[in-house]
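The residues making up each chain are set out below.
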Amino acid sequence: MPDYRERARRHLIPHFTQADAWRADDLVVIERGEGCYVWDAEGNKYLDALAGLFCTNIGHGRTDLTAAAAKQMDKLAFYPNWGFAHPSAIEAASMIAAVAPGDLDRVFFVSSGSEAVESAIKFARCHHLANGDEQRHKVIARHWAYHGTTLGALTLTGIPNLRDPYLPMLAGHVRHVSNTLGCQLEPGQAARELPCVADVEEAILAEGPETVAMMIAEPVQNGRGALVPPECYWQELRRICDRYGVLLCADEVINSFGRLGHWFGSERFGVVPDMITFAKGVTSAYQPLGGLLVRGPLVERVWDSPAGTFLHGSTFGGHPVATAVAVANMTALRDEDVPGNVLRNEVRLGDRLRALMQAHPCVKDVRGTGYFYALELMRDRRSGAELNAHERAELLPGGVLDRLVRDARVLVRPDGRGAVMLSVAPPLVADAAVIDDLVNRVDQVLDRLSGWLRTSERGLDNSTHREGDQ
Ligand code: PLP
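Residues numbered from 1 in each chain as written. Predicted model: local features only at pLDDT ≥ 70, side-chain atom pairs only at ≥ 80, totals over all residues. Heavy atoms only, no water.

(A) Structural view of the site of the ligand. Close to the ligand lie S112, G113, S114, Y146, H147, G148, E218, D251, V253, I254 and K280. Taking D251, its side chain carries an N or O atom lying 2.7 Å from a nitrogen atom of the ligand. Protein burial of the ligand: of its 390 Å² of free accessible surface, 83% is covered by the chains. Taken together, the residues that form the shell around the ligand break down as 3 nonpolar, 5 polar and 3 charged. (Near = heavy atom within 4 Å. Polar contact = N/O pair within 3.5 Å; in protein donor to acceptor, adjacent residues only side chain to side chain. Areas by Shrake-Rupley, 256 points an atom, 1.4 Å probe, with all protein chains shown as cover. Nonpolar A, V, L, I, M, F, W, Y, C, P; charged D, E, K, R; others polar.)

(B) Local environment of the state of the cysteines. All chains considered together, the criterion is met by 1 disulfide. Between the sulfur of C183 and that of C196 lies a disulfide, 2.3 Å long from S to S. For the disulfide bridge between C183 and C196, the dihedral angle about the S-S bond is near -85°, and by the sign convention the bridge is left-handed. Of the two residues, C183 is situated in the loop between β6 (174-177) and α9 (195-207) and C196 in helix α9; the sequence distance between them amounts to 13 residues. The two residues C183 and C196 agree in class, both being buried. For C126, which is in no disulfide, the shortest distance to another cysteine sulfur is to C249 and amounts to 14 Å. Since its relative accessible area comes to 17%, C126 is described here as buried. (Disulfide = S-S within 2.5 Å. Helix = DSSP H or I, 4+ residues; strand = E, 2+ residues; numbered from the N terminus. Buried < 20%, exposed > 50% of the residue type's maximum accessible area, 1.4 Å probe, protein only.)

(C) Representation of the sheet that holds strand β7 (residues 212-217). Strand order in the open sheet formed by 7 strands is β4-β10-β9-β8-β7-β5-β6, with mixed pairing between adjacent strands. The two strands at the open ends of the sheet, each matched to only one other strand, are β4 (104-110) and β6. Adjacent strand axes in the sheet meet at a mean angle of 20° when their direction is disregarded. Taken together, the 4 bridges between β7 and strand β8 (residues 247-251) define a ladder with parallel strand orientation. Residue pairing for β8: M214 is matched across the bridge by L247. α9 rests against β5 (138-142), β6 and β7 of the sheet, and its axis sits at about 155° to β6. Contacts between helix α10 (residues 233-244) and the sheet are confined to β5, β7 and β8, with β8 contributing the most and set at about 145° to the helix. (Pairing = 2+ DSSP bridges. Axes fitted to C-alpha atoms, helices over the stretch in contact; angles between N-to-C directions. Contact = heavy atoms within 4.5 Å.)

(D) View of the pattern of salt bridges. Throughout the structure, instances matching the rule amount to 33 salt bridges. One salt bridge connects R238 with D274, and the closest N-O pair in it is separated by 2.9 Å. Remark: D274 occurs in the loop between α11 (265-268) and β9 (275-278) and R238 occurs in helix α10; sequence separation between them is 36 residues. Each member of the pair, R238 together with D274, is buried. Residues R348 and D436 are paired through a salt bridge, measuring 2.8 Å at the closest nitrogen-oxygen approach. Taken as a pair, R348 in helix α14 (residues 338-359) and D436 in helix α17 (residues 432-457) lie far apart in primary sequence, 88 residues in all. Given the relative accessible area of 28%, R348 is considered partly exposed. It is possible to trace a salt-bridge network through shared partners that takes in R224, K364, D365, R367, E376 and E386. (Salt bridge = Lys/Arg side-chain N within 4 Å of Asp/Glu carboxyl O.)

(E) Structural detail: a nonpolar patch on the surface. A surface patch of nonpolar side chains, amounting to about 290 Å² of accessible area, comprises L151, Y166 and M169. Mapped onto the elements, M169 comes out in the loop between α8 (160-163) and β6. (Patch = residues over 30% accessible without salt bridge, like charges linked within 9 Å, V, L, I, M, F, W, Y side chains within 5 Å.)

(F) Structural view of the side chain of R417. With respect to the element layout, R417 can be found in the loop between β13 (413-415) and β14 (421-424). Those residues in contact with R417 that sit more than four places away from it in its chain are W144, Y146, I159, L162, N222 and R224.

(G) A look at the sheet that holds β14. What the 4 strands build is an open sheet, ordered β11-β12-β14-β13; its pairing is antiparallel. At either margin of the open sheet sits one strand with a lone partner, and together these are β11 (363-369) and β13. Neighbouring strand axes in the sheet, compared pairwise and without regard to direction, differ in orientation by 20° on average. Bridging between β13 and β14 involves 3 bridges; their strand directions are antiparallel. From the neighbouring strand, R413 faces β14, where its bridge partner is S423. Along the sheet face, α14 touches β11, β12 (372-377) and β14 and points at about 170° away from the line of β11. Relative to β12, α17 is tilted by about 15°, and along the sheet it contacts β11, β12 and β14.

(H) View of the packing of aromatic side chains. Enumeration according to the criterion identifies 10 aromatic pairs in this entry. Considering the side-chain rings of F123 and F310, the 5.2 Å spacing of their centres and the 75° angle between planes classify their relative orientation as edge-to-face. Of this pair, F123 sits in helix α6 (residues 113-130) while F310 is found in the loop between α12 (296-304) and α13 (320-335), placing the two residues 187 residues apart along the sequence. Here the two residues F123 and F310 agree in accessibility, since each one is buried. Ring pairing ties together the aromatic residues F109, F257, W263, F264 and F278, which thus form one cluster. (Phe/Tyr/Trp six-rings, centres within 6.5 Å; stacked < 30°, edge-to-face > 60°.)

Following this line, the structure appears as structure tokens:
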């Protein structure tokens, strides 16, 4: 391997990575990908069980997408989307509108998920100003939800350790409410009685409905581990938002473009939000692209107002190459029925992950749907013992779990936000054989984790005893 590691340490600042892990001798440098697998610079093959970062929905190594990028660069490498349009942005927006729920048929392109969330916050504000509702500027978001890291999006993010250092700079008015963890409908119970529903309405009333601009939520929330909402939850959010004139935004940066077996996660839960934010899977991350999808009448309202514009923009928003790649990606997803592949295989993935729970007492819960799962970990389900603080610190971040998943050559994501979890979200082209390979490798990770926990129980110093991992 060339001196990649040394130069990475000297010149490259990583995102959300502990310095110790970055400085370690075994830093993994991923060099190439094919289908659901990637290879590091030393030639080791890994199953990409997180699709990059919930991104490479169509899989790696697709020459049709690279050809679309090259063709667009040859023809028109760049022109902005302000004041002008260009064919690839028009085509991408039209294709998205054609598969979007209800009358969500207008697309504002940006370059990332965080920017999409920023755009939603600003659009909601502009919409209310157009209606003369000048007081509406507050946002309702949910605990442990991740909505991005630019300061506006971070204001909405409900993950304390990501927010705390920046609190003085998060001047936005946000109120965090319950997420749907553990919130299940009992027989005979009405959805509006659910605490996770009642909490939303109470928060709006407490803030003063005339001051609330929007509510944002993911159909299936990633933060705190693939939280699938109880039945009718989204219908309740729709009812509450309609009642108080609040715009409902579904953050589908992960949930869209087939992740839940549909173009948009909202479709799976039968709801038409006012806005949808997307990114990642729209190009399968072959190019950076995100966007805000908005109901047509809301856009017309803003355009017809005295402002006459949505006062927001960025140089690269709707970049011709990124949108040309989005067109190629959506064409491939459609022609190869990739969302259908998810629907055909999701039961296999879910059942086999749940079987791991039966086999391993260190698995507390398996949650998820589509190709989007989380395994929550504990010390021992039989005795009810949770991981202690020392174990949590050893496992994450950049600790024992990272090493175990790398050794098993399966890039699931160890996540320590709110609990110790493994996130599983393979490329959406994963077939039965890939799913079985994935589950076998996670099985190995859990075997070694159980060994590590036994050693930890005996009070040995796990960090220096690799043999204790067996
Ligand atoms: N919203 C959600 C639900 C996300 O999962 C993410 C990123 O993972 C974002 C927003 C921010 O996206 P980006 O990292 O592209 O800025």
